[in-house]
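Coordinates in review
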Amino acid sequence: QVQLVESGGGLVQAGGSLRLSCAASGRTSSSYGMGWFRQAPGKEREFVAAITWSGSSTYYADSVKGRFTISRDNAQDTVDLQMNSLKPEDTAVYYCAAARLVGWAPSRPSRYNYWGQGTQVTVSS
């Protein structure tokens, strides 16, 4: 079992930056693929970014490519999402997720086994 806790959300003006962090505990997180998803009111949960267990490969949704950066520190069991040049359409609850490597598909929510409780990000125009 893996427990995930997100932090770092808040209110920011358009063009600003936020850094989200996800702390993992329980069974080792170093062998899991990790991802960030978001869900805005009335919309489905959507993929934002993911990173392999080694950190050697990263994946991004087209809507955040070039603005967001995902990173992980296996020694600290943390996964961060640096968000720059934020836009009002980035407003959502952001969730951290962990996936066992077998059958992992980075952008598919159904392929993740553990989820955090989410952190609110609000970008004002």
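Up top is the structure.
Residues numbered from 1 in each chain as written. Predicted model: local features only at pLDDT ≥ 70, side-chain atom pairs only at ≥ 80, totals over all residues. Heavy atoms only, no water.

It is worth spelling out the sheet that holds strand β3 (residues 18–26) at this point. Strands sit in the order β1-β3-β8-β7 across an open sheet of 4 strands; the sheet is antiparallel. The open sheet has two edge strands, β1 (2–7) and β7 (68–73), and neither has a second partner. Put simply, the sheet's adjacent strands are angled 15° from each other on average, direction ignored. Sheet topology note: the β7/strand β8 (residues 78–83) ladder contains 6 bridges and is antiparallel. Considered in β8, the bridge of S71 is made with D80. (Pairing = 2+ DSSP bridges. Helix = DSSP H or I, 4+ residues; strand = E, 2+ residues; numbered from the N terminus. Axes fitted to C-alpha atoms, helices over the stretch in contact; angles between N-to-C directions.)

Turning next to the pairing of strand β9 (residues 92–100). Among the 9 residues of β9, 7 are classified as buried, and the element is accordingly described as predominantly covered. Relative to β9, strand β4 (residues 32–39) is paired through 8 bridges, and the arrangement is antiparallel. Bridge pairing in β9 links Q39 to V93. Strand direction decides the pairing type here: β9 and strand β11 (residues 119–124), joined by 3 bridges, are antiparallel. Within β11, the residue paired with V93 across the bridge is Q120. Pairing between β9 and strand β10 (residues 114–115): 2 bridges, direction antiparallel. Bridge pairing links A98 to Y114 in β10. (Buried < 20%, exposed > 50% of the residue type's maximum accessible area, 1.4 Å probe, protein only.)

All right, on to unusual backbone geometry then. Phi angles above zero are rare outside glycine, and D77 is one such case at about 55°. Assessed through its relative accessible area of 25%, D77 is described here as partly exposed. For S85, which is not glycine, the phi torsion reads 50° and is therefore positive. Its place among the elements puts S85 in the loop between β8 and β9.

This paragraph deals with the state of the cysteines. Put plainly, two cysteines are in a disulfide when a covalent bond ties their sulfur atoms together. This model, assessed by the stated rule, comprises 1 disulfide. Each sulfur in the disulfide pair C22 and C96 lies 2.1 Å from the other. On the sign convention where negative is left-handed, the bridge of C22 and C96, at about -75° about the S-S bond, is left-handed. With C22 in strand β3 and C96 in strand β9, the pair connects residues that are 74 residues apart, well separated along the chain. Residue classification places C22 among the buried residues on the basis of a relative accessible area of 1%. (Disulfide = S-S within 2.5 Å.)

This next bit is on the nonpolar core. L4, M34, W36, L81, M83 and Y94 are the most contacted members of the largest nonpolar core, which totals 36 residues. If you list the elements that add at least two residues to this core, you get β1, β3, β4, β5 (46–51), β7, β8, β9 and β11. Here this core gets 6 residues from one element, more than from any other, and that element is β9. Beyond its immediate stretch of four places on either side in the chain, M83 contacts G16, S17, L18, L20, R67, F68, Y94 and V121. (Core = buried A, V, L, I, M, F, W, Y, C linked by side-chain atoms within 4.5 Å. Contact = heavy atoms within 4.5 Å.)

On to the pairing of β11, then. Along β11, the buried face is formed by T119, V121 and V123; none of Q120, T122 and S124, which line the opposite face, is buried. Pairing of strand β2 (residues 10–13) with β11, which is carried by 4 bridges, proceeds in the parallel orientation. If you follow Q13 over to β11, its bridge partner there is S124.

Coordinates in, geometry out; function isn't part of it.
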